[in-house]
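Structural overview
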Amino acid sequence: MKKVIIVEGKSDKQKIEKIVREPVDIICTNGTIGVSKLDELLEELMDKDVYILVDADKSGDKIRKQFKRELPEAEFLYIDRKYKEVATSPDHHLATLLLQANIEINAKYLDARMNGL
């Protein structure tokens, strides 16, 4: 089944793209998402494994709530609140999160943690 990761912004998308090794679609919400845009997106997400990976802030919480209501079968990935944003989270933290969600990642991003980098 095709996997889709939903993030907030372009910098989040770029960060995830370099870590993920398998083909996944990464969709940016560009902040909050309107009802018509959400409806369009929900149609596109039918029959796909959907992962929500947004910032640990008010905006991220709002997006998470919308998707929990409209797409409860999605898997919600949570970054550690101390990092606040997906884009500024350490690579190894994101790699670990994605790996736990059974998304193939470039192993070198896990190695960085083991090397203390």
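Position numbers for residues start from 1 in each chain and track the written sequence from start to end. Residue-level local features of this predicted model are given only where pLDDT is at least 70; pairs of side-chain atoms are given and counted only at 80 or more, and the full residue set underlies all totals for whole chains, interfaces and linings. Just so you know, side-chain values use all the structure's heavy atoms and leave hydrogens and water out.

Let's talk about the pairing of strand β4 (residues 75-78)
Bridge analysis of strand β3 (residues 49-54) against β4 gives four bridges, and the strand direction is parallel. Each bridged residue has a counterpart across the sheet, and for valine 54 the counterpart in β4 is tyrosine 78. Clockwise travel from the first strand over the helix to the second, with the strands pointing away from the viewer, marks a crossover as right-handed. Note on conventions: DSSP H or I runs of at least 4 residues are helices, E runs of at least 2 residues are strands, and numbering of each starts at the N terminus. With respect to chirality, the unit in which β3 leads through helix α3 (residues 58-70) into the neighbouring parallel β4 is right-handed. Between any two strands, pairing holds if DSSP finds at least two bridges.

Brief notes about the packing of helix α2 (residues 35-45) against α3
Axis definition: a line fitted to C-alpha atoms, over the contacting stretch in the case of helices. Angles run 0 to 180 degrees between N-to-C directions. For the pair α2 and α3, interaxial distance at closest approach is 12 Å and the crossing angle is 55°. Taken together, the axes of α2 and α3 are oblique relative to one another. Seen along the crossing, α2 lies across α3 with a hand that is right-handed. Contacts between α2 and α3 involve Leu38, Leu41, Leu42 and Leu45 from the former and Gln66, Phe67 and Glu70 from the latter. Only Asp, Glu, Lys and Arg are considered charged, only Ala, Val, Leu, Ile, Met, Phe, Trp, Tyr, Cys and Pro nonpolar, and every remaining residue, Gly among them, polar. Each residue belonging to the contact of α2 with α3 can be placed in one class, and the counts come to five nonpolar, one polar and one charged. Relative orientations are named as follows: roughly parallel for angles under 35 degrees, roughly antiparallel for angles over 145 degrees, roughly perpendicular for angles from 65 to 115 degrees, and oblique for any other angle. Crossings are classed by handedness, with left-handed meaning an anticlockwise turn of the near helix from the far one by less than a right angle and right-handed meaning a clockwise turn. Contact definition: two residues touch when any of their heavy atoms are within 4.5 Å.

Focus on the UniProt feature "domain: Toprim" (unreviewed entry) in the protein
UniProt positions are given in the numbering used here, feature names are shortened, and annotations may be inferred rather than shown by experiment. Under the feature "domain: Toprim" (unreviewed entry), the UniProt entry names residues 2-86. Segment residues 2-86 splits into 40% helix and 24% strand. End C-alpha atoms: 22 Å apart.

Examining helix α1 (residues 10-19)
The cut-offs for exposure are 20% and 50% of the maximum accessible area for each residue type, with area from a 1.4 Å probe on protein chains only; residues under the lower value are buried, those over the upper are exposed, and the others partly exposed. Within α1, the full set of buried residues consists of Asp12, Lys15, Ile16 and Ile19. Looking straight down α1, one finds that the buried residues subtend no more than 95° of arc, so they occupy a single side. In this context, the arc is that of the directions from the helix axis out to the C-beta atoms.

Remarks on the pattern of salt bridges
Note on definitions: salt bridges are taken to be side-chain nitrogens of Lys or Arg within 4 Å of carboxyl oxygens of Asp or Glu. Scanning the model with the defined rule gives eight salt bridges in all. Among the ionic pairs, lysine 3 bridges to glutamate 22, the shortest N-O distance being 3.2 Å. With lysine 3 in strand β1 (residues 3-7) and glutamate 22 in the loop between α1 and β2 (24-28), the pair connects residues that are 19 residues apart, well separated along the chain. An identical accessibility class is assigned to lysine 3 and glutamate 22; each is buried.

Section: the packing of aromatic side chains
The aromatic pairing rule takes the rings of Phe, Tyr and Trp, using the six-membered ring of Trp, and pairs them if the centres are within 6.5 Å, calling planes under 30 degrees apart stacked, those over 60 edge-to-face and the rest tilted. Evaluation of the coordinates by the stated rule reveals zero aromatic pairs. One cation-aromatic arrangement involves lysine 68 over phenylalanine 76; the distance from NZ or CZ to the ring centre is 5.1 Å. Here, a charge over a ring means that NZ of Lys or CZ of Arg falls within 6 Å of the ring centre while also lying within 35 degrees of the ring normal.

Some points on the environment of lysine 37
The residue lysine 37 is located in helix α2 in this model. Along the chain, lysine 37 and proline 23 lie 14 residues apart, while their C-alpha atoms are 24 Å from each other.

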